[in-house]
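Understanding the architecture of this molecule
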Amino acid sequence: CLLLAKAMGKLQSKISFHTTKYRADGSVGQTGPAGASQQHSPAHTDAVTSVAALKPDLCVSGGRDKSVAVSSWRSGAALRRFFGHEREVTKVTSALDSNRVFSASRDKTVMMWELHRTSGPSQHFPGHDLVVTGLAVSPDASQLCTGSRDNTVCKWDTETGECLGRAAISRNLVTHLCWVPGEPYVIQTSEDKTTRVWDSRELQVAHTFPAKQHIQTCCDVSQDGRYCLSCSSGSAGHGAEATLWDLRQTRGRVCEYKGHFQTTTSCVFLPRGPALAPSIATSSSDSTVKVWDQNTAGRG
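Let me begin by describing the structure that accompanies this report. Predicted model only: the values in this text are computed from it and were never measured.

Here we have three strands laid out as an open sheet, ordered β26-β27-β28, and antiparallel in their pairing. The sheet is open, and its two edges are formed by β26 (264-269) and β28 (289-293), each paired on a single side. Strand-to-strand, the axes of this sheet are offset by a mean angle of 20°, without reference to chain direction. Taken together, the five bridges between strand β27 (residues 279-284) and β28 define a ladder with antiparallel strand orientation. By the bridge assignment, serine 279 is partnered in β28 with aspartate 293.

The four strands lie next to each other as β12-β13-β14-β15, forming an open sheet whose pairing is antiparallel. The sheet is open, and its two edges are formed by β12 (132-137) and β15 (163-168), each paired on a single side. Within this sheet the neighbouring strands show an average axis-to-axis angle of 15°, counted without direction. Taken together, the five bridges between β12 and strand β13 (residues 143-148) define a ladder with antiparallel strand orientation.

Conventions used here
Starting afresh in each chain, residues are numbered from 1 along the sequence in its written order. Predicted model: local features are reported for residues with pLDDT of at least 70 only, side-chain atom pairs are reported and counted for 80 or more only, and whole-chain, interface and lining totals are derived from all residues. Here the side-chain values reflect all heavy atoms present in the structure, with hydrogen atoms and water set aside. Following DSSP output, two strands are said to pair if at least two bridges run between them. Labels follow the DSSP assignment, with helices taken as runs of H or I lasting at least four residues and strands as runs of E lasting at least two, numbered in each case from the N terminus. Note on geometry: axes are lines fitted to C-alpha atoms, helical ones only across the stretch in contact, with angles between N-to-C directions running from 0 to 180 degrees.

Written as structure tokens, this is what we have:
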């Protein structure tokens, strides 16, 4: 999510290059005198548009520079950089603890990259007619769901690159997708102000939550698969709320989190510690990040 972008580390300067159109650049950390702090170049040469967890100590990011970077949370160094998209990267994701990274782009395509592969993308998913704005991978990384401003959601086989299904809904300009852990369901937010639950098996809408007053910009799912979050556009204190939805039998609105003055651009469930209450975080165009008690909507 975008709110994690500022947590991105820095990229060191030593990078090897390949001359092919698609390339993955490996890099080696610099060493210095004992006790000296390491200096790293930025992971991207333009704005970072998306970031996601890859492994407990790694994250993946995409940028307007058309590249995808894999960075270490601990050292701050970018370990790999992948090139191949013709326009800016809009979304990145991965199946946690896998070696596969997926990126979507304004070039209307999605690519799959192998963390230890030295050549180009291991799979290419063309088929959308407009910018790809949603990207979700199944927990076992065998299937991929993509969404676009062309009003469609597609399902793909990640091994073969085959499109297994395509569903179109009028005015469904997709803004975000996320897969429900341990379930065949995918959550999708849209510019038509709704949040949908897709059954990935037949690629059909299983449930649509009541429409909000503003565009739904992002979504996330709790690790136990019981709840999902969506967040709204807004301005001058109107809208810009995040909403907690129950994914169980009731499938109703549980709570709202209000306090941002401009569009809430991202929302995420925070990892729960042994002595911590369930919490969520939101980021906004009002230049703030807020942390909320999930149950009471109180700010931490």
